[in-house]
Every structure is written in structure tokens, then in C-alpha cells.
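This is what each chain is made of:
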Amino acid sequence: MSRCLAIVLLAAVGLIAPAAPASAQAPVKIGVLTPLSPPGDASAGQLILRGAKMAAEEINAHGGVLGGRKVELVVEDDGGTPEKGVAGFRKLASQDHVTAVMGQFHSSVTEAVQELAEQLKIPMFSTQASSRGITEKHLTYTFRTHVIDPDRAQFWTRWIVQQGFKRVAMIAENTDYGLGLSEETKKAFKAMDVKAELKAIIFDRAVVDLTPQLLEIKNWKPDVVLNVGVGTPVYLIIKQAVDIGLFPAVPMLVSYDLPARAEFWKNLGDKGTYITFIAYYHPTMKLTSRGEAFRARYREQFKEEPVYGALNGYAQIMLIAEAIDAAKSDVGEAVAKAILAGKFQGWNGTISFTHGDGPYWQQWTPPMLMMQYAKPDTPFADATIVFPPELKTGDFVIPKR
Amino acid sequence: MDTYALAQYLLAGLVIGIIYSLMALGITFIYSIMKMINWAMGEFYMIGSYVQYALLVSVLGPARWYLALPVSMAAVFLLGALTQRLLLRPMYVGVIERRDEYATIITIALMVFFRNLAVVVGGPNQYAPADYARPTAIGPLPISGNRFVALIAAVVLLTLFYLLIKKTWIGRAFRGAAQNRVGIQTAGIDVLRLDMLAFGVGVALAAAAGALLAPDFLVYPENGAISTFKGFEIIVIGGLGSIPGSVVGGVLLGVIEALGSVFLSPAYKDLYGFLLLIGLLAFRPTGLFGERERTI
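Nothing here was measured: the structure is a model prediction, and the numbers come from that model. (Residues numbered from 1 in each chain as written. Chains lettered and ligands numbered in written order. Predicted model: local features only at pLDDT ≥ 70, side-chain atom pairs only at ≥ 80, totals over all residues. Heavy atoms only, no water.)

Caption draft 1: Inspection of the overall build of chain B at higher detail. For chain B, the count of helices and strands is eleven helices and two strands. Along chain B, helices and strands appear, N-terminal first, in the series α-α-α-α-β-β-α-α-α-α-α-α-α. Scaling as 2.2 N^0.38, a compact globule of 296 residues should have a C-alpha radius of gyration of about 19 Å, and chain B matches this with 19 Å. By its C-alpha atoms, chain B is 60 × 50 × 35 Å across when sized along the principal axes. Across the 296 residues that make up chain B, the buried fraction comes to 55%. Working note: accessible area of chain B is about 13,000 Å², and carbon and sulfur atoms make up 68% of it. In chain B, 20 side chains carry a positive charge and 15 a negative one; their mean positions are 9 Å apart. (Helix = DSSP H or I, 4+ residues; strand = E, 2+ residues; numbered from the N terminus. Rg over C-alpha atoms; globule rule 2.2 N^0.38 Å. Buried < 20%, exposed > 50% of the residue type's maximum accessible area, 1.4 Å probe, protein only. Areas by Shrake-Rupley, 256 points an atom, 1.4 Å probe, with all protein chains shown as cover. Lys, Arg positive; Asp, Glu negative; His and termini not counted. Charge placed at Lys NZ, Arg CZ, Asp CG, Glu CD.)

Caption draft 2: Local environment of the packing of aromatic side chains. This model, assessed by the stated rule, comprises 29 aromatic pairs over all chains. With centroids separated by 6.3 Å and ring planes inclined at 65°, the aromatic side chains of F125(A) and F353(A) adopt a geometry described as edge-to-face. Taken together, the positions of F125(A) in strand β4 (residues 124-126) and F353(A) in the loop between β12 (350-352) and β13 (369-372) put the pair 228 residues apart, joining distant regions of the chain. For the pair F125(A) and F353(A), one class covers both residues: buried. Taken together, the ring pairs in this structure connect Y235(A), F264(A), W265(A), F277(A), Y373(A) and F380(A) into an aromatic cluster. Directly above the ring of Y31(B) sits K35(B), whose terminal nitrogen or CZ lies 6.0 Å from the centroid. (Phe/Tyr/Trp six-rings, centres within 6.5 Å; stacked < 30°, edge-to-face > 60°. Lys NZ or Arg CZ within 6 Å of the ring centre and 35° of its normal.)

Caption draft 3: Molecular detail of empty space enclosed by the protein. Throughout the structure, instances matching the rule amount to four cavities of 30 Å³ or more. T211(A), I244(A), A12(B), P142(B) and I143(B) are, among the 13 residues lining the largest cavity, the residues nearest its centre. If you list the elements that add at least two residues to the lining of the largest cavity, you get α8 (211-220) and α9 (232-243) of chain A together with α1 (3-34) and β2 (141-143) of chain B. Ranked by residues supplied to the lining of the largest cavity, first place goes to α1(B) with four residues. When its residues are assigned to classes, the lining of the largest cavity shows seven nonpolar, four polar and two charged. Estimated volume of the second largest cavity: approximately 60 Å³. Contributing to the lining of the second largest cavity are D209(A), P212(A), Y9(B), A12(B), G13(B), I16(B), G254(B), E257(B), A258(B) and K269(B). Among the elements of the structure, α1 and α10 (243-263) of chain B are those that each provide at least two residues to the lining of the second largest cavity. Considering each element in turn, the lining of the second largest cavity owes the most residues, four residues, to α1(B). A class-by-class count of the residues in the lining of the second largest cavity yields five nonpolar, two polar and three charged. (1 Å grid on protein atoms, 1.4 Å probe; cavity = no way out; pocket = protein on both sides within 12 Å on 5 of 7 lines; lining within 4 Å. Points joined across faces, edges and corners; volume = space filled by probe spheres on them. Nonpolar A, V, L, I, M, F, W, Y, C, P; charged D, E, K, R; others polar.)

Caption draft 4: Quick look at α1(B). Residues and elements named next belong to chain B. Compared with the 46 Å implied by 1.5 Å per residue over 32 residues, the 45 Å span of α1 between its first and last C-alpha is a close match. Burial analysis of α1 places 27 of its 32 residues in the buried class, the great majority of the element. One or two steps after α1, the chain reaches K35, where phi turns positive at roughly 55°. (Expected span 1.5 Å × (residues − 1).)

Caption draft 5: A look at the sheet that holds strand β3 (residues 100-104) of chain A. All names here are of chain A. Spatially, five strands are ordered β2-β1-β3-β4-β5 in an open sheet, and the strand pairing comes out parallel. Sheet topology places β2 (71-77) and β5 (142-144) at the edges, where each strand pairs with a single neighbour. For this sheet the average axis-to-axis angle between neighbouring strands, irrespective of direction, equals 25°. Here strand β1 (residues 28-34) runs beside β2; their pairing, made up of seven bridges, is parallel. Note that in β2 the partner of G31 across the bridge is V74. Across the sheet, helix α2 (residues 42-61) is in contact with β1, β2 and β3; its angle to β2 comes to roughly 165°. Sheet strands in contact with helix α12 (residues 308-327) are β1, β2, β3 and β4, and its direction is about 170° off that of β3. (Pairing = 2+ DSSP bridges. Axes fitted to C-alpha atoms, helices over the stretch in contact; angles between N-to-C directions. Contact = heavy atoms within 4.5 Å.)

Put into C-alpha cells, the structure is as follows:
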């Protein structure tokens, strides 16, 4: 009996004792909710995560936040689907008690998750999700430091006008991103009074055989094709367009910086030559001092050029940490106010958030570049910047038939 | 209607229909012997594409894809046989009561398992082996070199399969098991071993489709999903359990999708196959070559 009592007492002490130390040195948790498995664009998520991890390491090496507390990243995979995204966010909020969440890449997921963020009062960042609806809803807890679709559509419309293209074909995926860009391009053509015809074909992301759609485009005889897929569909469109003789005879523009990734040439071989794409970072760009330091560390650690997703992931974690310090709190509501009130050093400029009209609410837009690979196996660092004119490093090339 | 455009679409549809009929053949062959539907066929397609890619980048080099193809098929055959032996044989030895539900649960679980295993082992990103052949043309119509080669290989495999079934002793055993599973045992055939071989052959055909289409449709964990539902569409159109039905169904599906794309819109290409399916089932529920059967 007394032995039993002793065991029970010991067990009770064992349970109570670890709970006793004050939570003063408990880490501050920041959630990273990003695609890490299909059908999401897992490459993108991994790159964002790289940047976020490097930021957390840097912050902790410099004493952490709130007087010595370490920053801990809690990673959840949203798989590119709204359901997994919402489940992941809920877990981050209720189980891990994160202060803020970043890492969002797919617009469809972001639009589902931001409602939850608003309800639970946790600031969240779109790291690379660009549909206008995300910031157009004017929610208090949604922030973005990435280009939005109206900007993207206007950017390529300016390029189309400059090149004198009269027949523009677009093949877009049936997600918020693809459908959004299709609508924005139509609006941009109208707003900028563009005298070109636009033909948009929508495809299902699950489909692998896009030959019939590309054949229809080819038979329409376009001057340029806009490739509005995300992840695997981008490669499928390029490959199959080359196979039917559509590209590179007709130039093709990829709507985001997938061709900047290391595996681009491995997946396409020569078929990627002459592809044009939108990027937000180039190795020859001048960065802020924080950006330059990050770039040097990234090159050393990974032996390759940093990619925009990693840079943005890094900048957002640094921003969140500074906001936590400014708010002197790890509670989401206070941190959100500090984010809105503050100015933060990003990797490519000073970031601040205002309440503008339409989608320009808590939205900071980085500059865009249009790049081209004029030769096979061109490293990203050697790609030509073909637009805008004030930043170009070379001429746009269309191969002779 | 521009005949050149029509011809391009028809060719594209025909080529892909024949290649997908390999999938359908695998599903229908397994069904005819084992009387169960294998929902994980797409994942064996996916494994076939991964093995092909791995062989080409490591041991064989990109030019010897025609050597890698039989090796991937053999590897997936062995995997299939092992899977059948361990997970599916209990259905046939009186251990499992609710056989159909068991088969469905096990094969769907395998589907989820293999997909996630691919993410863990190969990473979530896509790979692509180098092209098997340069883009070429059939008459005036351009065609991807890969699809042309895949078309030839699919026809060869379908022919070899036909010869296996019609001209060999084991083929006769398969036909017997499909007609009367109990009767064949009285003839002294080990029907359980036959099940294992049939499953292996069926999934090897799916692996062949995956290996052949790898350069065009890429290698990534989800690449089997669409081929599964194309395979099922084809077997319902052609008739479950019918081998000529798989081939005819495949060609018909390809042609209908092509014609729908030309005369209506390519955006709804996948819808036309299902409309054909619904229409066919309304008038001929057993599919084109299927037969009504009675089971106890």
C-alpha cells in the first residue's frame, strides 16, 4: 500500500514538475502553410520554406524576439488544395498557437484560408499567391508582398503592345489563378485600348494531354501564346506545344518564374529554348543590404542562385519577427496592427502596407521583369531581360522558321 | 471544316486511345480472371514511369529506352505478383467474407499508399526522361516522336498479348479460368498461381503505358490518376472482361474525344467520353462486347 502511494506521488510530481517553469522562454511560433506535395506546386513550397528557415536561423542567432525568445517555425503542407489548407491552418492555430502564418502560394487555397485567419485573428501572408480577390476583400488579417494579377496582366499587355502582337492566345488552368488572369487580361486590353484579339482556352489541372487544346490554338494562328499553368501543366504545355510545331515558331510567355528553377532544363531538354517568362528577381539586380547578405548566404549554402520564393519567404519571416518586437507581443491582433503601422526592410526595397482601393489593400507589389532563354541550357543568371525597356539587357528573339 | 485540322485531331485521338487501351486491357484482364476491379492501376502506371526514368538516368542512358521498357514491365510484374500474393489471395481461399468490398478497400488503399510512397522516395517534383525519338510526321501531320514510338510499341504489346492468350498453353489456362473458375481446377490448374500471374501481367501492361508516355506526360506521383479513369471509361465502353472490347473501346474513345474537340470545343474534351459512356450504357448496359453474367 505505501509502495503504491509512493509510486502515485512520484508520478504526480513527474507530471507537475515540467509544467512549473514559466513560459517566459517558450519559443514564438510562426506557421509556414505552403504546398509540399501534389497536386500543389511542391517545388515552390520547398523554396519558400528554405527562405523561411534561413530567416528563423538568422533571427535566433541574433538573440531571437521579445527579449530572448527563439522563433520556431511550424510547417504544414497545404497540398495545393483548399481542404488541406484549411485543416492545416486550423491545426496551426488551435494546436500550435502560432502568432502568424506565411507561405501561401496557391490562390485557391489562400482564399479559403484567409477567412479562417480573419476569424481566429491570426495575421497571414500571401507569399506567392496572386489573385486579386485575396486583398480585394479588405480583410484585416491578410497581407501580401507579391505581384497581383491585374499588375501581371497589365505588364504583359504593355509588352504585347510594344511587340505589336495582334492575335494573342492564352491557355489557362481552371483555378482562381488561371481564370483570374484570363479575366484581368481581357480587362487590361479594354482599359489600355489594345487592338489585338484574345483567345482564351481553359483546361483542367488534372489533365495531362493538352494536345487538342494546343492544336486549336495552333490552327487559330496566334502571334504569341500565354502559358497560364502552375507547376506540372507549364511543362506539359511547353513540351506538347513543341511536339505539334506551335512553339518556338510562335513565342510563348510563362506567367511566372518557374523557368528560373534548377530542374527546368532537366525536364525539358532543348524544348525550353526561346521561352519567355515573368520573374521578380535576377542575379544582377541590386538588392537592399539585407537582401545582399541573404543572397551571399544562400549561394554558399545551396550552391545555386536564390529564387524569388526563397527571398520572399525570408523577407516575410524577418518582417513578422520585427512586427512582433514592435508590438511587444506574440498575440496575432497586436502583431497585425504593428505590421500595418510599420516600415520593414525587405530584400528588394522597403515594405509598408496601406489601405488602397480595390486589391491594393495591405498589398505591396515588387517590380517585375520579363526574361528570355535565347539558347539551350542557359543558367538563370545568364537569361536576357527583354522588358521593360529601362531594365533590358538584350533583345527579344523569335527563331526563324 | 478544314480537313487538315480534322486529321490532326483524329490522329492525336487515335494515338492516345490505343495507348490508353493498354491500361484498359490490364484492368479487364485482371477482372476476367480474378473477378475484381483493381483501382490502383494508375499507380502501377506511375511506378512503371518511375522505374523507366530511373533506369534511363542511371544505368542505361537515354538512348536505350527500348531496353528499359521490358525491364520496367518485368519489375512491375514482380511487384504486382507479390502484391497479389500477399494482399489479394486471402480473398480466394475462404478467409475473407465480403470479397468485393475487401478488393475495393485494399486496392484503393494501395492507390493512396503508392502515391505517397512516390512522394517520399522520389520527391514531389516532376521528372522527364529525354525524348525517345525526334518529332516526326505521319504523312503531312506532325506528331510527337514519343507518341509515335509509343503507338508502335503499344501495337506490338497488344499483338504479343493476343498471341500469348490465343497461342500458348498458359493463355489457354487464362481463358479457361475466365470462363469457369471452378471447372479449370478440375482440369488440374492451380488457379491461385494463375491469379498471381494474371495480376502481374495486367499491371505490367499499365506499367508499359506509363513507361511509354513518360517523356510526354512526365513522371510525378499523380500521373496515374487520369490514366486510371481513362482505362475505366474504356472498359465500360468496350465491355468488362472483353479483350477486343478494350482495344475497340480505346480507339473509339480517342476518336470521339477528337471529334468533340474539333466540332464543339477542346476545353470539354474529357466530357465527350463520358457522354458516349452514358449513351452506350443506356442502350447496351454490358458495353460493346460485354456479356451478361450470372454469379453466385
